[in-house]
Each structure stands twice: as C-alpha cells, then as structure tokens.
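Spelled out from the first residue to the last, the chains are:
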Amino acid sequence: MEKNKYAQQEEETLKFWKKERIFEKSVEERPKNAPYVFYDGPPFATGLPHYGHILSSVLKDLYPRYFTMKGKRVRRRWGWDCHGLPVETLVEKKLGISGKKQIEENGIELFNQTARDMVLNYTDQWQEMVDRIGRFVEFKNSYKTMDTTYMESVWWALKQVWDKGLIYEGRKVLMYCPRCETPVSNAEVSMDNNYKDVEEESVYIKFKLKPNQKFKNYETKDSAYMLAWTTTPWTLPANVALAVGADIDYSAVRIMGVAELYILASKLVEKVFKGKEIEIIHEDIKGSDLDGMFYEPLYEIPAVTNSGNKAWYVATADFVTTKEGTGVVHTAVIYGEDDYALGLSLDLPQIPLLDSAAKYNKEAPGFLQGKYIKDAEEEIVLDLENRKLIFKKEKFTHSYPFCWRCDSPLIYNAISAWFIDIQKIKDRLIELNEKINWYPDNLKHGRFLNILQTAPDWNISRNRYWATALPFFKCIKCGQVECVGSIAELKEKATNYDEVYGGKTTDQIDLHRPYIDKIKLKCPECSSIMARVPEVVDCWVESASMPFAEFHYPFENKETFEKRFPGHFIGEYIAQTRAWFYYMHVIGTLLFDDVAYLNVVTTGTILSESGEKLSKSKQNYPDPWNIINSFGADTLRFYLMNSVVMQADNLFFNEKDLREIYNKVINLFNNITNFYDIYSDIKYDRKLNLSQLSSLDKWLLSRLSNTVKNTTNFLDNYDTVRATREIRSFVEDFSTWWLRRSRDRFQNQELSAMQTLSFALKTLAQISAPIIPFTTEYIWQKLKDEKDPISVHLSDWPKVDEKFIDVEIEERMDKLRQIVEMGHSLRSKNSLRVRQPLKSVYFNYDFKDEGNQLEGLILDELNVEEKVGEKNIKKPDGLEGGELKVVIETELDADLLEKGDLREVIRGLQLLRKQALLKPGDMVTAFYRVENDAVDKFVEKNKSVITKEAALETFNLKEDMEEPLEVKTSRGKLYLKVSENSTNKN
Ligand SMILES: [Zn+2]
Ligand SMILES: [Zn+2]
C-alpha cells in the first residue's frame, strides 16, 4: 500500500532522531539529581505487540517526554518478562510434547534450554513497533527476568518475606489447570476475562436416606431421598457429605403415583417439579432437623471408609442458598472452596480421587480409573441413571473459568502450595494506598481498595519448570525448611555447591531447574539431607520485583535503587489493577514498608468497533501497521490519548473517529505549518512587538497562554483526555479562525501577523510534543533558530506568559464568533451565498475596540459593507440568541449583485489555478464562454479587474472548451478554463 505523506514524514523524523541521538541526549542533558522515575511493567517476551501494547507504549512515552521537557531526567529501560506458562506452552508445541510426564521424560534441561532459546524470538517485531510508534526507550540494554542477577534479587526478596514469617506452606482450594498441571491465580484468569459462558448438563441426584432415622417427629422409610443438584457430575464419586442451610425451610414431596419421597428446599419445589402433579407431605422441616442423617453413598470408596472419619451424612453450612438447585449441596471436599472449608471444620475424609492431570486414580471406582474427568462425566451419569439415582437432567448455562494460557477448563482443587500471608499485612496495604495518586481517581477507593480488602493469601508457587526456582529447601527427614536468599548463602549452606556450580561466576550460574534441583543442604535440626521443593515462583513475584531486581539490588547498585524508589509513574490497562499494580503494591509494602509507585495511570481496554475482544482469528480490527501507514503514528497517538480508553473505559476502536483526528487535528497542524512555510523565506524579527499586535493577535496569544496553562495543568494531573482536548480546540481556533481571518495580512506581509504565527506555532509544537512527537518535530525543524536545541524534545517546556492572558478579548471574540455564526445562518436561511456582498448588518454588541478591528472582522467574515442602526435596514431579517441580536439587509441592488458575480468568477479562476498547480506568481491564459448577452456584457465591463485579480495573461472568449468549469452568476451561467501553459512573472 502507498504510505501517507505524514507517515513518510514520520519515518524521516525517526532517522533524524537516531542519527542525532535525540533520545540519549534528552536523558543525558537533564541533571542526574532530578530524576523522574518511571517503572515499566515488562511484557511477555513471547507474544507479538498489539493495540494494547501500542496504547501503553504511547502512554509510557508521553509522560517521560513531558517530564523531560520539564527538566527531569527520565531513564527508560526496556524489560522482558521471560518466564512462565506462555513460553512453556510454546516450548511444548515446539518439542512436540504435551504434559508434565512427557516434559520430564525428555528432561527438564532440554525443556528449559529450549525456552531460553526461543523466549526472545519476537524482540525484532517489538522493536519495530515500539520504534515506529515513536517510543523513546533503551531497547537494546533490556533487563530480563531470566537473568541470574534478576533471579538472585527475587530470591533476596523472598528471603526478606520469609524472615518476617509471612510465607507458609498450606493446602488450599485453588483454580487448577489439569493440562498445565499447576494452580493458576484468579487474577490471571480474570485479567483478560477467561470466564466463558458454557452450556452444560446439570443433574439432580437422589441420595437415598438410610431407613429408620428420626427427624423432627418423622421417621425415614425405605424410599426417602435427599435431592441434590450439581453442574459438575465428575465430582460425584468424591461426594462425602450433603450440606443444608440450618434456617432454610425444607419440604418432603411426592409425585402423584410414585412412592418415593424427596426432600428439598420449600422455595425450590415449584421450580424443580415444574409440570408434575405433586403432593406435599411435610412442609415444616428446617435444615437443622436434617443435620446428622446418614445416606447411602453413590460410590463406596474404600479409602473413605478406611479413613476412620465420619462420612456420607447431612450437615448444616452457611454457604447454602436457595438461588438455584435444590437447597441441598453435594459436597466433594477436595474439589470446591466451600466444600473444603466444610470438610476441614467437620473433619470429613479428604481422599483425592484424581491424579495431577485430573484423571481418576486408583482410589476411584474401577470403571473410572485412568479416565480424564471431562471424558468420564457421561459414564458417571449413565451409571447413576441405570441405578435410578438421577432424578432429572437439565441444560444449564454458567460462567466457567478457563486456563488463560492453554484454554483448558479449570477445576477447583485442594492442593499444597506456598503462600504469602496477605491477611497479616492487609491493613498496611490499605493504609499505604492512601499515598498513591490513582488516575482515574475513582479506582483508589473503588476497585483497588476492594481488591485489597478481599485479597486472599498470595499463592507464590507454580508446579512448573521455566521460572525462578523457589529457594526453599526441605529436610527429607524432619521437614525443616530453609529459605536461601542469595548465591553466597547457597554456596555457604550447600553440601555439594562445587559439584553443581563450582568455578562459575554469577553470570555463568544457572539458577533454573534442573541445576538448582541438584543442590543439597544439610538440615540444621537433624543433619539429614535437605532438597529443594519442586515448585517454581509465580511470575508475578518476578515482575513485581522489577524496581530493585533490574538493578541486582541489594547485591549491586544499592544507592542507585534507593534514589529511585518509590517510582513516580507507572501505567497499564485496567486488568493490571488486580495483577501488576496489586503485586507491586504488595512487594513494596512487604520489603520497604512503602508504596512502590506514587502515580498510576490506568487505561481501559481496546475492543473492536462492535465491542468484541480484538481477535486475530476473527480479524475484527484493522492491522495497526495499516493504520500507521495510512494515517501516521501521531494520528493514532492523538486518537488514543484523546479517547475514553484513557479514563479506564472500553474504547471501541473506530477508524471513522481516527480519520476525524487526522482531518481535524493532524491536518490542521500541517496546514498551519505549510502556510508558515510560504512566508518562511522572508527575513523578519521573530520577537513579538507587543505594541503592534492587532486585536486578533492579542486574542490568539491569550488563547495560547491559556492553552499552555491548562495543558500543563492537565498533564501534571495525568489527564491526557483534557490535555488533548485543549490542544485540539486551540489548533482549530488557530487554523480556522485566526489564520483564515489573517490571510490578507500575510499577503501584505504584515509583521505582527508573521510574528504571531511563528511564536504561536512554535509554542503549540512544544506543548503538543509529548503527544504527537513527529508532527511537532517537523514543525520545530522549520521554526527553530540558532539558539534553540536541535530537537523539540530537547527544548524546555514553555512557561505561561500571564501578560498575554486577556479575559476580555477572549470574551469579545466569543461574542464576535457568535454574531458571525448568527449572520451566516441568516444568510443561508435567505439563500444568500457567502460570496454575495450584503449592504448592511446590525448587531447589538459594542466591541469598544480601537480602530473597530473586531467589527471589521465581522464585516469581512460576513461579507457585509457596513454596520448600521437597526432602523436603517429596508428589508431586514433577524435572529436573537441569548442577549445577542443580529439583523441583516436581505435586499440586493444591481451594484451588490455585480460585486457578487465578480467574486464568483474570480473564485472560479482561482480554483482552476489551484487545480493546475500554479503558484501565486505564475501567469496563465484563461478562456470563457457565456450563456447569454447579460453575462457577456458583465464580463466585458469587468475584464481588467478579473485579469488582474486572477493573475491572468489574457482572458478571451472561446466557444469550444473541453470540460470547462461552470460558474453561476445572477445573470446566468459562465464557463471557464485555463490553458496548460503558464509563465512565471518573477
Ligand atoms: Zn493450562
Ligand atoms: Zn531435618
């Protein structure tokens, strides 16, 4: 595709920045002791950049550029998140294996080596995009979470937390991916909404109560059943109890003609027995009456029987509701959060029926052993149906979590893991949140506070391979655990360090599995062998450690880091509130008892035009490269920074809106610049001569100063939406009002107009530079003088010049433009073309200006000859709006009509000159043909004026013209054409 002219211009600017090392200079030239600290959340190295990354890249470029111009030194270093499931799934694909069993058969060494080799595969594509979008960042010198130095700092961090007694090993019900065979965090699953609505078969199951049990003043017979409901039939073999609500009302119900009695919550009877004729036998049962009643297990599990713990009975629990199901909850202790809590409190047997890949193990009923849970569900239901234990089946749609990496359905599984105790530091987390400036600010006491308040303990372990190894060593005999916080400590405590890492420097040591797994320690308690626990670290521990780990703190760069903590600014999209933002806050609080960052900007998510998630396979969004090539990166940057996505709302990406930014913002910047260019050869003193300024200039400079003031204010408050609005409205006024109304002054080379233009354009370029760095650099190159830095990005942020701020003139100009608008609408109501001069106008506003400059503007703009008293208008038409009243003379005399016709003809000729690409000095021959004598007479009479004003060599009648331009006059039509040859007068 052909590249847009601005896109080409931008590519030239990129070359200029590289050649002149503008980014490096913009950092080096600012004082070391005035840092503005920006932390960059490292992206996964294994994906390709998309709109979300472009958005955050623009944001992460804008503020560093802004604060650089304000005199701060802003170090910007790229980082890569190298570890974790994203790359591990790719490695499995590449090696053609799947699952942990095969990984281990092939060897962890090969697996991790492959991961290391492929993790940085996409860096070129990243660099290309990051560069092209105009982001200034040290890309080559990036830090990587897989560096030994980085990993050692993560160990140090864990050791700090360990020493505070805030890490424990425990068994909890976690979301678990059976394919990746590891727990995944709720934060990861919720982040990009990996919950999907799925339709599944739910079943109502009959649990047969043992006969001759008393409840209330009733007694069970041989055919009484508790009716329970589940959406996950695979959990049924693991059932050990039924839960009811102590205060919930239950009924015993019979279907007419059937002997069986069913017990369920009274509220749900109608729903469950819909369409059936029933008889309610008892309706005065409370859940507490059922407590302790035994039922026959669906499956006799020997391990449960042999556990010695009581099982297969009804218990009361407070999580039971009557929202759906039957008000009787089937409980499989290990496979549900509530279930597990109930299991612990009642000491129910905890017998796992699954292996780590969610296949039934040897404790499970024989027909299920070795089968994957989802594949076995149908058989379980069929088996229960055959045994007449299924009451009914029903399709049920619910929101179900899927693995954020491999898309397998997750299960809830009570597994052993390592946790940071968040509950103990929760108050401090909430307290420190008060120190953070959130943008938008409703997140502070809204979403983020809520995340802090409800935060569970942090599971920092993953049962995987490619990540920092958990530095915990456990005694194989007495269970004592040691946490190692550095390589030096490892060397000191290991019994076989030299065997594994002997003679190697820090850089050469590989702390990854399987090498670290070979290290053994001696137990300080019982002198037995201590071996590393098999788990690796949750990658969020790593990315939250970036403020210090990128510096290899505290082993190196101690002072550097301490001066750079906390950070001034971080920015990411909203899902990071429960991920990176949260984990950074936790690590900052745990290690330094301080916030990790002072200002945080949260963006929304970019969706397709119709509001769907952007999806490569659906192709529901335009390729970012096409957008950049057809509109330029600045258009995209401005569009994003101006949109609701910067207020943490969803943005429906829309090419139409993007085009509008192109037309109404970027084009206007360039139009003003091109206009400036026409007169750029003229030498004149650029310094404003204040005494010479016209009212129009004073107005523009007042508007400019206010724009500088407001933009500064908005950017200081991280509000790009309002900052870009300010700029947009100023550039519009600048171009479509000041410049348009000043054209004649430029033709006369009026000094104050030229000075005002160069001053305002240069200042505008500076305050827009962080947002649209390319366009403004282009402008700067045309406007800078010998004293100026070579790039706008090395210049200092402009100060507000209060002396230009003139409230009155802005107010008057507002009124003026209202009057003009009313005048124009009166014209169009009376079908009076703008080029047709009018006799007179009346308006009821006194501009009190010297030399009637402002009134003059109105007459010029409305093309009216004079302002008169209202009574002097013969054929008036008027309009009132607010306090303003405008009346125009609608009658046209012959003289006015002739003037109007003349304007039409001259404009037609100018249009033709423009189409022929003629410059102002070029002389050309033109021809005409007329419709009638009246037009002919008119042309003859005005020939010399037309010839002069349209810069024509000759203007002659010619009957045969191909595709002439048609011009309508008050007398009839006229046809025009210019010859293709021209001569230059200059
Ligand atoms: Zn998975
Ligand atoms: Zn021991």
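So, here's what we can say about the structure. As a convention, each chain's residues are numbered from 1 in the sequence order in which they are written. Written order determines the labels here, with chains lettered from A and ligands numbered from 1. Residue-level local features of this predicted model are given only where pLDDT is at least 70; pairs of side-chain atoms are given and counted only at 80 or more, and the full residue set underlies all totals for whole chains, interfaces and linings. Hydrogen atoms and water are omitted, and side-chain values are computed over all heavy atoms in the structure.

### Let's talk about the coordination of the zinc ion (ligand 1)
At step 1: Donor atoms (N, O, S) are those found within 2.8 Å of the metal centre, with the cutoff raised to 3.2 Å for Na, K and Ca; water is not part of the atom list, so apparent gaps in a site can occur. Protein coordination at the zinc ion (ligand 1) comes from Cys177 (SG), Cys180 (SG), Cys403 (SG) and Cys406 (SG), with a distance range of 2.2 to 2.4 Å.
At step 2: Every geometry call rests on angle ranges, with four donors termed tetrahedral when all angles are between 85 and 135 degrees, four termed square planar and six termed octahedral when opposite donors are over 155 degrees apart and all others are between 65 and 115, and everything else termed irregular. Coordination at the zinc ion (ligand 1) is tetrahedral, judged from the four donor atoms that bind it and the angles of 103 to 119° they form at the metal.
At step 3: Of note, the zinc ion (ligand 1) draws all its donor residues from one chain, in the sequence arrangement C-x2-C-x222-C-x2-C. Highlighted residues: Cys177 in strand 3 (residues 167–177) and Cys406 in the loop between strand 15 (390–401) and strand 16 (411–420), separated in sequence by 229 residues.
At step 4: Throughout this description, buried means an accessible area under 20% of the type-specific maximum (1.4 Å probe, protein chains only), exposed means over 50%, and partly exposed covers the range between. Here Cys406 falls in the partly exposed class, since its relative accessible area comes to 21%. Helix and strand assignments follow DSSP, with helices taken as H or I runs no shorter than four residues and strands as E runs no shorter than two, numbered in order from the N terminus.

### As for the coordination of the zinc ion (ligand 2)
At step 1: Each protein donor to the zinc ion (ligand 2) is listed here as Cys475 (SG), Cys478 (SG), Cys523 (SG) and Cys526 (SG); together their distances run 2.2 to 2.3 Å.
At step 2: One chain supplies every donor to the zinc ion (ligand 2), and in sequence these donors are spaced C-x2-C-x44-C-x2-C. Of this pair, Cys475 sits in strand 20 (residues 472–475) while Cys523 sits in the loop between strand 22 (520–522) and strand 23 (529–532); the two residues are 48 residues apart in sequence, bridging distant segments of the chain. Here Cys475 matches Cys523 in class, with each residue buried.

### Topic: the side chain of Gln9
At step 1: In this structure, Gln9 sits in helix 1 (residues 5–19).
At step 2: In this analysis, two residues are considered to be in contact whenever any of their non-hydrogen atoms come within 4.5 Å of each other. If sequence neighbours within four positions are ignored, Gln9 has contacts with Asn670 and Tyr778.

### Notes on the packing of aromatic side chains
At step 1: A pair of aromatic rings is counted whenever rings of Phe, Tyr or Trp (Trp by its six-membered ring) have centres within 6.5 Å, and the orientation is called stacked for planes under 30 degrees apart, edge-to-face for over 60 and tilted otherwise. The tally for this structure, following the rule as stated, stands at 67 aromatic pairs.
At step 2: Plain terms: the ring middles of Tyr679 and Phe746 are 5.4 Å apart, the flat faces sit at 35° to each other, and that makes the pair tilted. Of the two residues, Tyr679 sits in the loop between helix 26 (655–678) and helix 27 (695–716) while Phe746 sits in helix 28 (residues 720–747), which places them 67 residues apart along the sequence. The residues Tyr679 and Phe746 share a single accessibility class, namely buried.
At step 3: Among the aromatic residues, ring-to-ring pairing joins Tyr36, Phe38, Tyr63, Tyr66, Phe67, Phe569, Tyr718 and Trp797 into one connected group.
At step 4: Charge-over-ring placement is defined geometrically: NZ (Lys) or CZ (Arg) within 6 Å of the ring centre, and within 35 degrees of the ring normal. In this structure, Arg65 is placed above the aromatic ring of Trp17, and the distance from its NZ or CZ to the ring centre is 4.9 Å.

### A few points about the sheet that holds strand 4 (residues 182–183)
At step 1: Strand order across the open sheet formed by four strands is 4-3-16-18, with antiparallel pairing between neighbours. Looking at the sheet topology across the chains shown, the edges are occupied by strand 4 and strand 18 (458–459).
At step 2: In terms of strand pairing, strand 3 meets strand 16 through 10 bridges, oriented antiparallel. Each bridged residue has a counterpart across the sheet, and for Tyr168 the counterpart in strand 16 is Phe419. Strand pairing is assigned whenever DSSP detects at least two bridges linking the two strands.

### With respect to unusual backbone geometry
At step 1: Omega for the bond connecting Arg513 with Pro514 falls within 30 degrees of zero, at 0°, which places this linkage in the cis form.
At step 2: With respect to the helices, strands and loops of the structure, Pro514 is situated in the loop between helix 18 (497–501) and helix 19 (515–518).
At step 3: Residues Tyr553 and Pro554 are joined by a peptide bond in cis, for which omega reads -5°.
At step 4: Counting through the fold element by element, Pro554 comes out in the loop between helix 21 (546–549) and helix 22 (558–563).
At step 5: Backbone geometry at Asn863 places phi at a positive 55°, although glycine is not the residue there.
At step 6: Relative to the helices and strands, Asn863 is located in the loop between helix 32 (853–862) and strand 30 (864–867).

### Quick notes on helix 1
At step 1: Between its first and last C-alpha atoms helix 1 spans 21 Å; for 15 residues at 1.5 Å apiece the expected length is 21 Å, and the two agree.
At step 2: Turning to helix 1, its buried residues are Tyr6, Ala7, Gln9, Glu10, Thr13, Leu14 and Trp17. Projected down its long axis, helix 1 shows its buried positions confined to an angular sector of 155°, all on one face. Along helix 1, exposed side chains directed more than 90 degrees from the buried face belong to Lys5, Lys15, Lys18 and Lys19. Expected span of a helix: the number of residues minus one, times 1.5 Å. Directions drawn from the helix axis to the C-beta atoms are what define this arc.

### Quick look at helix 4 (residues 85–95)
At step 1: Those residues of helix 4 not exposed but buried are Leu85, Pro86, Val87, Glu88, Thr89, Val91 and Glu92.
At step 2: Turning to helix 4, the residues buried within the fold contact helix 5 (100–106), helix 6 (108–118) and strand 4.
At step 3: Directly beyond the C-terminal end of helix 4, a positive phi value near 65° is found at Gly96.

### Here's the deal with the packing of helix 1 against helix 26
At step 1: Their axes nearest at 12 Å, the elements helix 1 and helix 26 cross at an angle of 55°. Classified by the angle their axes make, helix 1 and helix 26 are oblique. The interaxial crossing formed by helix 1 with helix 26 has left-handed handedness. In this structure, helix 1 contributes Lys5, Tyr6 and Gln9 to the contact, and helix 26 contributes Tyr662, Ile666, Asn667 and Asn670.
At step 2: Each residue gets one label: Ala, Val, Leu, Ile, Met, Phe, Trp, Tyr, Cys and Pro are nonpolar, Asp, Glu, Lys and Arg are charged, and the others, such as Gly, are polar. Broken down by class, the residue content of the contact of helix 1 with helix 26 amounts to three nonpolar, three polar and one charged. Note on definitions: angles span 0 to 180 degrees between N-to-C directions of axes, and those axes are lines fitted to C-alpha atoms, for helices only across the stretch in contact. Each angle gets one of four labels, with under 35 degrees taken as roughly parallel, over 145 as roughly antiparallel, 65 to 115 as roughly perpendicular, and the rest as oblique. For any pair of crossing helices, the crossing counts as left-handed if the nearer helix is rotated counterclockwise from the farther one by less than a right angle, and right-handed if it is rotated clockwise.

### Let's talk about the side chain of Lys208
At step 1: Checked against the element boundaries, Lys208 lands in strand 5 (residues 195–208).
At step 2: A polar atom in the side chain of Lys208 sits 3.3 Å from the backbone oxygen of Asp222.
At step 3: Among residues more than four places away in sequence, those in contact with Lys208 are Asp222, Ala224, Tyr225, Tyr295 and Glu296. Think of a polar contact as two N or O atoms within 3.5 Å of one another; within protein, one of them needs to be a possible hydrogen donor and the other a possible acceptor, and neighboring residues in sequence only count if both atoms come from side chains.

### Section: the sheet that holds strand 32 (residues 884–889)
Within a beta sheet, neighbouring strands are joined by backbone hydrogen bonds and run either parallel or antiparallel to one another.
At step 1: With mixed pairing, four strands are arranged side by side in an open sheet as 30-29-32-31. Unpaired on one side and paired on the other, strand 30 and strand 31 (876–881) mark the two borders of the sheet. Averaged over all neighbouring strand pairs, the angle between strand axes comes to 25°, with direction disregarded.
At step 2: Bridge count for strand 29 (residues 838–843) against strand 30 is three bridges, and the pairing is parallel. Pairing of Leu838 across the sheet is with Val864, part of strand 30.
At step 3: Lying over the sheet, helix 31 (residues 807–829) contacts strand 29, strand 31 and strand 32, oriented at roughly 40° with respect to strand 32.
At step 4: Against the sheet, helix 32 engages strand 29 and strand 30, with an angle of about 150° to strand 30.

### Description of the pattern of salt bridges
At step 1: Just to be clear on terms, a salt bridge is a Lys or Arg side-chain nitrogen sitting within 4 Å of an Asp or Glu carboxyl oxygen. Within the structure shown, the criterion is met by 80 salt bridges.
At step 2: The partner of Asp594 in a salt bridge is Lys435, and the shortest N-O contact between them spans 2.8 Å. With a gap of 159 residues between them, Asp594 in the loop between helix 23 (580–592) and strand 26 (597–603) and Lys435 in the loop between helix 15 (426–433) and strand 17 (437–439) connect regions that are remote in the sequence.
At step 3: Assessed through its relative accessible area of 17%, Asp594 is described here as buried.
At step 4: Given a relative accessible area of 47%, Lys435 falls into the partly exposed group.
At step 5: Two residues, Arg833 and Glu904, come together in a salt bridge whose shortest N-O distance is 3.5 Å. One end of the pair, Arg833, is in the loop between helix 31 and strand 29; the other, Glu904, is in helix 33 (residues 894–915), with 71 residues separating them in the sequence.
At step 6: Residue Arg833 is classed as partly exposed on the basis of its relative accessible area, which comes to 36%.
At step 7: Residues joined by salt bridges that share partners form a network here, namely Lys3, Glu10, Glu11 and Arg132.

### Let's talk about the environment of Lys937
At step 1: Structurally, Lys937 can be placed in helix 34 (residues 933–949).
At step 2: Residue classification places Lys937 among the exposed residues on the basis of a relative accessible area of 65%.
At step 3: Through-space distance from the C-alpha of Lys937 to that of Arg971 is 10.0 Å; in sequence the pair is 34 residues apart.

### Some remarks on a negative patch on the surface
At step 1: Residues qualify for a patch when their relative accessible area is over 30% and they have no salt bridge, like charges being joined within 9 Å and the nonpolar side chains of Val, Leu, Ile, Met, Phe, Trp and Tyr within 5 Å. Using the Shrake-Rupley algorithm and a 1.4 Å probe, accessible areas are obtained, with residue cover drawn only from the displayed protein chains. Under the convention used here, Asp and Glu are negative, Lys and Arg are positive, and both His and the chain ends fall outside the count. In plain terms, the charge of a residue is placed at NZ if it is Lys, CZ if Arg, CG if Asp and CD if Glu. On the surface, a cluster of negative charge is made up of Glu959, Asp960, Glu962 and Glu963.
At step 2: Of note, Glu962 is situated in the loop between strand 34 (952–957) and strand 35 (965–968).
At step 3: A relative accessible area of 66% means that Glu962 is categorised as exposed.

### Details of the environment of Glu963
At step 1: Within the fold, Glu963 resides in the loop between strand 34 and strand 35.
At step 2: The class for Glu963 is exposed, based on a relative accessible area of 76%.
At step 3: For the pair Glu963 and Arg833, spaced 130 residues apart in sequence, the C-alpha separation works out to 24 Å.

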